[in-house]
Amino acid sequence: MDYLAQTAVLLAGLFPKLVAGFLVTLGIAAAAVPLALLFGLLLLAPRMDRRAFICAPTIGFIELMRNTPLLVQIYLIYFGLPLLGFYPSEFACGVAGIALQHGAFLVETYRGAIETISQRQWDAARAIGMGRFKAFRHVILPQAILKILGPLGNQVIVLTKDTSLVSAIGVMELTMTGKMAIERSAVSVEIFVTVALFYLVLTTALGGAARLIEHRAAGRH
Amino acid sequence: MFDVLIGNLTYLLRGAVMTLWLAVAVVTLGTLLGAGIGILAAVGNRIIRGTITAYIFILRGIPVLVVMFLGYYAFPALGLRVNTYVAVGFAQIVYVGAFTAEIVRSAILSVHPEQIAAAKSLGMRRTAILREVILPQAIRIAIPPLLNNALTAIKQTSYASVVGAWELTYAAREVVERTLASFQIFLGVMAIYFAICYPLSLLARWCEKRLMATH
């Protein structure tokens, strides 16, 4: 058999395994995205609080998350929590690590969007008798969401690519599946090119979906 | 409680020096490569532009860890024997280059076309327009995102440990395997990364503010 046919046969044999790994990758992303969005929202109020004893520790935590590698954060959770008596699964540790770091990036995205909406809008909403919450809910938030959609789409794509790091703690997702397959066979580059293609298809689809949502939302206003 | 960390600090700091070397190599070479490609993408003909668009699109859609594995396995497959640092570093340079190219290209394209028309009407040549009109403005726009790009690249050097390159994160795992003091060691390592990354992060934000103020 020539090289092409041989490689094709090998990759076809591996395909079900790679698809299984791909589904785990999807699962990690699907669990981490809503958690990261939520975690970012939870940090928003303390981050924007004017009292130093509330906002200073929040800023400290956010900066620590943003300025250290995600891999080390995942290791800290995975190898550190058992010392404290918790034994979560590899999957849960990976999802938690990803959600924590991306949540810390998202707070700043949220804050940036809220702060670019001019103070005059706040003043106008307050002047017609809206309370702080009502002004936020009906005036600031709808505009902020429009501004956030673009960066949010990007963040989801970065997060999806970051799921590959969970392979470092032994979760059998796409990257890990590729690595294991290489250790058992003679071809290596071909397998990782296939793995890369899986990721490329996923991120391209996500990018397309993000643009579509952004376009729709912009059209409605 | 933290004497394990203090006892192993010299070993970890040796890892940090390796991380710094890796970071300096990846950031300088990746930025230079990306800047060249980004300029080519803005001025080149259709074939060059298409090729560069494909390069940027493909690399940006793949996790850097997968690109590192590809680099690690590609050299031996091509019959070349290189050490892990070269293979992983090369992969990361190509990766950082794609992100840099996109930043540089969009910075160049954000310079208003009327300025180019004005420069042409003054009789300036293409290279002179690029050098004296476009690039000075584009560089100012590109600096903050390039700094953030460098920051991401520095953090990503830790992923090289997964492929087998010895640096700070790899050293930390070794120490943890020996001492089992995972919490203390990884917290200490996070502090070292923070000390490297945070000043750059502040610099990026300062440049962003200055740029906003001048516009």
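Predicted model, so just to flag it, every value in this text is computed and none were measured.

Procedures and definitions
Residues numbered from 1 in each chain as written. Chains lettered and ligands numbered in written order. Predicted model: local features only at pLDDT ≥ 70, side-chain atom pairs only at ≥ 80, totals over all residues. Helix = DSSP H or I, 4+ residues; strand = E, 2+ residues; numbered from the N terminus. Rg over C-alpha atoms; globule rule 2.2 N^0.38 Å. Contact = placed C-beta atoms within 7 Å. Nonpolar A, V, L, I, M, F, W, Y, C, P; charged D, E, K, R; others polar. pLDDT = per-residue confidence, 0-100. Buried ≥ 20, exposed ≤ 12 C-beta atoms within 10 Å, placed from the backbone. Core = buried A, V, L, I, M, F, W, Y, C linked by C-beta atoms within 7 Å.

1. Re the overall build of chain A
Here is step 1: Assigned secondary structure in chain A consists of 8 helices and 0 strands.
Here is step 2: The linear arrangement of helices and strands in chain A, starting from the amino end, is α-α-α-α-α-α-α-α.
Here is step 3: Radius of gyration (C-alpha) of chain A: 22 Å, far over the 17 Å computed for a compact globule of 221 residues.
Here is step 4: Overall, chain A is about 80 × 50 × 20 Å in size when its C-alpha atoms are taken along their principal axes.
Here is step 5: Looking at chain A alone, contacts between residues at least 24 apart form 77% of all its contacts between residues at least 6 apart.

2. Notes on the environment of Ala191 of chain B
Here is step 1: With respect to the secondary-structure elements, Ala191 of chain B resides in helix 10 (residues 182-214).
Here is step 2: Spatially, the C-alpha atoms of Ala191 of chain B and Leu12 of chain B are 11 Å apart, while their sequence positions differ by 179 residues.

3. A word on the interface of chain B and chain A
Here is step 1: Taken together, the 28 residues of chain B in the interface contact 28 residues of chain A.
Here is step 2: Across the side of chain B that touches chain A, the residue classes break down as 22 nonpolar, 5 polar and 1 charged.

4. Focus: the confidence of the model for chain B
Here is step 1: Of the residues in chain B, 100% reach a pLDDT of 70 or more, and the chain-wide mean stands at 94.
Here is step 2: Predicted complex, confidence summary: ipTM 0.94, pTM 0.93.

5. Comments concerning unusual backbone geometry
Here is step 1: A positive phi angle is found at Leu180 of chain B, which is not glycine, with a value near 65°.
Here is step 2: When you line up the elements, Leu180 of chain B lands in the loop between helix 9 (168-179) and helix 10.

6. A closer look at the environment of Ala99 of chain A
All names here are of chain A.
Here is step 1: Looking at the secondary structure, you find Ala99 in helix 4 (residues 90-116).
Here is step 2: With 22 C-beta atoms packed within 10 Å, Ala99 lands in the buried category.
Here is step 3: Ignoring any residue separated from it by four or fewer positions in sequence, one finds Ala99 in contact with Ala32, Leu35, Ala36 and Phe39.

7. Here's the deal with the nonpolar core
Across soluble globular proteins, nonpolar side chains show a tendency to be buried alongside one another.
Here is step 1: Judged by nonpolar contacts, the single largest core of 113 residues is most densely connected at Ala32 and Ile74 of chain A together with Val66, Val67, Met68 and Phe186 of chain B.
Here is step 2: If you tally residues by element for this core, the top one is helix 5 (residues 84-109) of chain B, at 14 residues.
Here is step 3: Residues within four places of Met68 of chain B in sequence aside, it is in contact with Val88, Ala91, Gln92, Tyr159, Ala160 and Val163 of chain B.

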